[in-house]
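# Notes for the structure review
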Amino acid sequence: MAEFLILIYGDEQQWDAETEADNREKDAAHRAFVAAVGPGLREGRQLAASSAATTLRARGGKPWATDGPFTESKEVLGGFYFIDVADRAEAVRLASMLPELTKPYCAVEVLPVHAP
């Protein structure tokens, strides 16, 4: 088995503009994804708005905190899944089920996680 982090990116303004029907459809698709991953699902969560983030940077060799995301960008990290599946091909196959991939303002990234 191999562990992967699936990151879901999108445009917060577009997400905020989605209707209740859009959200119900998206929720159903996420439940189908979770069912497909089965016991390989380690964790998955929707994240708070990027405006709630605190970004740390080095300034003068010391940590310096600012409010908000690291960069000004339309695409922000909106959620994640941490899964343990057979291999990269399986992780990509499962990630391709995510409903965000039906929207032009979203992207999904699949990253292998190093063993501890």
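Everything that follows concerns the structure shown earlier in this document.
Predicted model, so just to flag it, every value in this text is computed and none were measured.

Under the counting rule described, the total for this entry stands at 1 aromatic pair. Taken together, a centroid distance of 4.5 Å and an interplanar angle of 50° make the contact between Phe33 and Tyr81 tilted. Note that Phe33 is positioned in helix α2 (residues 20-37) and Tyr81 in strand β5 (residues 75-85), a separation of 48 residues in sequence. With a relative accessible area of 9%, Tyr81 lands in the buried category. Here the basic side chain of Arg59 rests over the ring of Trp64, its NZ or CZ set 3.6 Å away from the ring centre.

On any regular strand, side chains alternate: one points to one face of the sheet, the next to the other face. One ladder, built from 10 bridges, connects strand β1 (residues 2-11) with β5; its direction is antiparallel. Its bridge partner being in β5, Tyr9 is matched across the sheet by Leu77. One ladder, built from 5 bridges, connects strand β2 (residues 41-46) with β5; its direction is antiparallel. Each residue of the ladder has a partner; that of Gly44, found in β5, is Tyr81.

Taking 1.5 Å per residue as the helical rise, α2 with its 18 residues ought to reach 26 Å, and the 26 Å between its terminal C-alpha atoms agrees with that figure. Of all the positions in α2, only Lys26, His30, Phe33 and Val37 are classed as buried. One side of α2 holds all its buried residues, which, seen down the axis, span an arc of 55°. Facing away from the buried side of α2 by over 90 degrees, the exposed positions are Glu20, Arg24, Glu25, Arg31 and Ala35. Buried residues along α2 sit against β1, α1 (12-17), β2, β5 and α3 (88-95). Just downstream of α2 lies Gly38, where phi reads positive at about 65°.

Further remarks concern the side chain of Asp11. With respect to the helices, strands and loops of the structure, Asp11 is situated in strand β1. Look at Asp11 and you get buried, because its relative accessible area is 9%. Within polar-contact distance, the side chain of Asp11 engages the backbone nitrogen of Gln13 at 2.9 Å. If sequence neighbours within four positions are ignored, Asp11 has contacts with Lys74 and Tyr105.

A word on the sheet that holds strand β6 (residues 106-112). One open sheet accounts for 4 strands, arranged β2-β5-β1-β6; its pairing is antiparallel. Single-partner strands in this sheet number two, and they are β2 and β6. Geometrically, the sheet is characterised by an average inter-axis angle of 20° between neighbouring strands, direction not taken into account. The sheet strands contacting α2 are β1, β2 and β5, and the helix crosses β5 at an angle near 25°.

What counts and what doesn't
- Here the residue numbers are simple positions, counted from 1 along each chain's written sequence.
- Only residues with pLDDT of 70 or above have their local features reported here, since the model is predicted, and side-chain atom pairs are shown and tallied only from 80 upward, although totals for entire chains, interfaces and linings are computed over all residues.
- Only hydrogens and water are set aside; all other atoms, that is, all heavy atoms of the structure, feed into the side-chain values.
- Here the aromatic set is Phe, Tyr and Trp, taking the six-membered ring for Trp, and pairing holds for ring centres within 6.5 Å; pairs whose planes are under 30 degrees apart are stacked, those over 60 apart are edge-to-face, and all others are tilted.
- Note on conventions: DSSP H or I runs of at least 4 residues are helices, E runs of at least 2 residues are strands, and numbering of each starts at the N terminus.
- Each residue gets one of three labels from its accessible area relative to the maximum for its type: buried under 20%, exposed over 50%, partly exposed in between, using a 1.4 Å probe on protein chains only.
- Put simply, a charge is over a ring when the Lys NZ or the Arg CZ is close to the ring centre, within 6 Å, and near the line of the ring normal, within 35 degrees.
- Following DSSP output, two strands are said to pair if at least two bridges run between them.
- Helix span is expected to be 1.5 Å times the residue number reduced by one.
- An arc is given here, and it is the one of the directions from the helix axis to the C-beta atoms.
- The contact definition used throughout considers only heavy atoms, calling two residues in contact when any of these lie within 4.5 Å.
- Each polar contact in these results corresponds to two N or O atoms within 3.5 Å; when the atoms are within protein, one needs to be able to donate a hydrogen and the other to accept it, and residues that are neighboring in sequence are counted only if both atoms are side-chain atoms.
- Angles shown run from 0 to 180 degrees and are taken between the N-to-C directions of axes, each axis being a line fitted to C-alpha atoms and, for helices, limited to the stretch in contact.

Nothing here speaks to function; it is all geometry.
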